[in-house]
Amino acid sequence: MNAMIPKDHPRYESLMIREKLVNGFKAGIVCTEGLIAHGRGEAFDYLIGEKTIEPATMATKVAVAAMLAAKHPVISVNGNTAALVSDELVGLSEKIGAQLEVNLFHKTEERVDKIIHHLKAHGAKDVLGKRADAHIPGISHERAKVSKEGIYSADVVLVPLEDGDRCEALTDMGKKTIAIDLNPLSRTAQTASVTIVDNVVRAIPNMIKLVDEMRVLPESELEHMRTSYDNKAMLEEVIRRIKMI
Ligand code: PTJ
């Protein structure tokens, strides 16, 4: 914790999130580009009022309904999410029975090792990503290299803060992709099966809360949520709200 930021500062929460990323950067978990990506995210967070808006709540429910129905759900972890929500990622993976897999865009073996170690220090028992023994077709960068027993064979993949082309490639492989992305215009947001336009620091805790609430619902209700959902319409609603500011 940085003693320079007083708790009564009006931007306290936002500044503490920055602090977590800077600390993650210094620890070798977050890459330089991750700091830039966070700046873009912050700008969109302003535009939605730095709170979970109704369309995001709806998408979060659909995402949880999809994860509850999954035979093999996997949560993809990158540098930013590891720095911001490691406890929550571990909590969600345990609650839902999903594997955690470290998968980086700006990949180095050293950073993969550090993130795996970091997640384990936060309670994860098993983390995939060290052995990338399968390849997502149609992708030429490092993120294409995934674990055969993890992302490659998953039916539902949660991809927070993703880059667009892999999300599209995973969707093309027939997987259900759940993105968390504050930018409703990004290629990730546009190509995911379900897009949660919310800050990852709110979205993952919301998912954890919903798992318990929704687990007890009749399967027919969960199925209705999944099949009646229209991601394009949800994104249009988010953009409409931003334009109204
Ligand atoms: O750790 P690595 O190497 O896998 O790299 C991670 C980054 C994030 C650098 C990499 O995936 C990347 O370059 O992502 P992009 O293409 O910049 O996309 C990141 C998206 O996440 C952007 O659309 C941002 O608006 C959004 N974003 C940033 N911070 C948050 C966010 N969305 C939700 N919550 C955030 N806190």
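Up top is the structure.
Below you will find a few notes about this structure. (Residues numbered from 1 in each chain as written. Predicted model: local features only at pLDDT ≥ 70, side-chain atom pairs only at ≥ 80, totals over all residues. Heavy atoms only, no water.)

### Let's talk about the pattern of salt bridges
Right, so step 1: Going through the model one piece at a time under the given rule, you end up with 19 salt bridges.
Right, so step 2: Among the ionic pairs, glutamate 42 bridges to arginine 18, the shortest N-O distance being 2.8 Å. Of the two residues, glutamate 42 is situated in helix 2 (residues 32-47) and arginine 18 in helix 1 (residues 12-26); the sequence distance between them amounts to 24 residues.
Right, so step 3: Notably, a salt bridge pairs glutamate 142 with lysine 145, separated by 3.1 Å at the nearest N-O pair.
Right, so step 4: Lysine 145 gets classed as partly exposed once you look at its relative accessible area, which sits at 35%. (Salt bridge = Lys/Arg side-chain N within 4 Å of Asp/Glu carboxyl O. Helix = DSSP H or I, 4+ residues; strand = E, 2+ residues; numbered from the N terminus. Buried < 20%, exposed > 50% of the residue type's maximum accessible area, 1.4 Å probe, protein only.)

### Details of the layout of surface pockets
Right, so step 1: Its volume calculated, the largest pocket comes out at about 740 Å³.
Right, so step 2: Around the largest pocket sit 33 residues that line it, and Ala37, His38, Arg40, Leu161 and Glu162 are the ones nearest its centre.
Right, so step 3: Elements represented by at least two residues in the lining of the largest pocket include exactly helix 2, helix 4 (79-96) and helix 7 (187-191).
Right, so step 4: Residue contributions to the lining of the largest pocket peak at nine residues, all from helix 2.
Right, so step 5: Of the residues belonging to the lining of the largest pocket, the class tally is 10 nonpolar, 12 polar and 11 charged.
Right, so step 6: A volume near 220 Å³ is recorded for the second largest pocket.
Right, so step 7: In this structure, the second largest pocket is lined by 13 residues; those nearest its centre are Glu13, Ser14, Ile17, Glu50 and Arg202. (1 Å grid on protein atoms, 1.4 Å probe; cavity = no way out; pocket = protein on both sides within 12 Å on 5 of 7 lines; lining within 4 Å. Points joined across faces, edges and corners; volume = space filled by probe spheres on them. Nonpolar A, V, L, I, M, F, W, Y, C, P; charged D, E, K, R; others polar.)

### Some remarks on the sheet that holds strand 7 (residues 176-180)
Right, so step 1: Across the sheet, six strands lie side by side as 3-2-1-6-7-8; this open sheet has parallel pairing. Each edge of the open sheet is held by one strand with a lone partner, namely strand 3 (127-128) and strand 8 (194-196).
Right, so step 2: Sheet topology note: the strand 1 (residues 73-77)/strand 6 (residues 156-160) ladder contains three bridges and is parallel. Bridge pairing in strand 6 links valine 74 to valine 157.
Right, so step 3: Contacts between helix 6 (residues 164-172) and the sheet are confined to strand 1, strand 6 and strand 7, with strand 6 contributing the most and set at about 170 degrees to the helix. (Pairing = 2+ DSSP bridges. Contact = heavy atoms within 4.5 Å. Axes fitted to C-alpha atoms, helices over the stretch in contact; angles between N-to-C directions.)

### Let's talk about the nonpolar core
Right, so step 1: The biggest cluster of nonpolar side chains holds 60 residues, and the ones touching the most others in it are Met67, Ile75, Leu158, Ile178 and Ile204.
Right, so step 2: The residues touching isoleucine 75, leaving out its near neighbours within four places in the chain, are Met67, Leu89, Leu92, Ser93, Ala98, Gln99, Leu100, Glu101 and Leu158.
Right, so step 3: Counting residues in hydrophobic clusters, the runner-up holds 15 residues, among them Val74, Ala134, Ala144 and Ala169. (Core = buried A, V, L, I, M, F, W, Y, C linked by side-chain atoms within 4.5 Å.)

### Describing the pairing of strand 2 (residues 99-102)
Right, so step 1: As defined by bridge partners, strand 1 adjoins strand 2 across four bridges and the pair is classed as parallel. Its bridge partner being in strand 2, isoleucine 75 is matched across the sheet by leucine 100.
Right, so step 2: In this region the chain leaves strand 1, passes through helix 4 and returns to the parallel neighbour strand 2; the handedness of that crossover is right-handed.
Right, so step 3: As judged from the two bridges shared by strand 2 and strand 3, these two strands associate in the parallel manner. Along strand 3, the bridge assignment pairs leucine 100 with valine 127.
Right, so step 4: Between the parallel elements strand 2 and strand 3, the chain passes through helix 5 (residues 109-121) in a crossover that is right-handed. (Right-handed = clockwise from strand over helix to strand, strands pointing away.)

### Considering the site of the ligand
Right, so step 1: As a structural note, the neighbourhood of the ligand is formed by 23 residues, with Phe105, His106, Arg111, Asp181 and Asn199 the closest of them.
Right, so step 2: The separation between an oxygen atom of the ligand and a polar main-chain atom of glycine 79 is 2.9 Å.
Right, so step 3: Within the side chain of aspartate 181, an N or O atom sits 2.9 Å from an oxygen atom of the ligand.
Right, so step 4: With respect to the pocket detection grid, the ligand is positioned in the largest pocket.
Right, so step 5: For the shell around the ligand, the secondary structure elements donating two or more residues are helix 2 and helix 4.
Right, so step 6: With six residues, the single largest contributor to the shell around the ligand is helix 2. (Near = heavy atom within 4 Å. Polar contact = N/O pair within 3.5 Å; in protein donor to acceptor, adjacent residues only side chain to side chain. Sits in = over half its atoms within 2 Å of the grid points.)

By themselves, these observations are geometric and do not establish any function.
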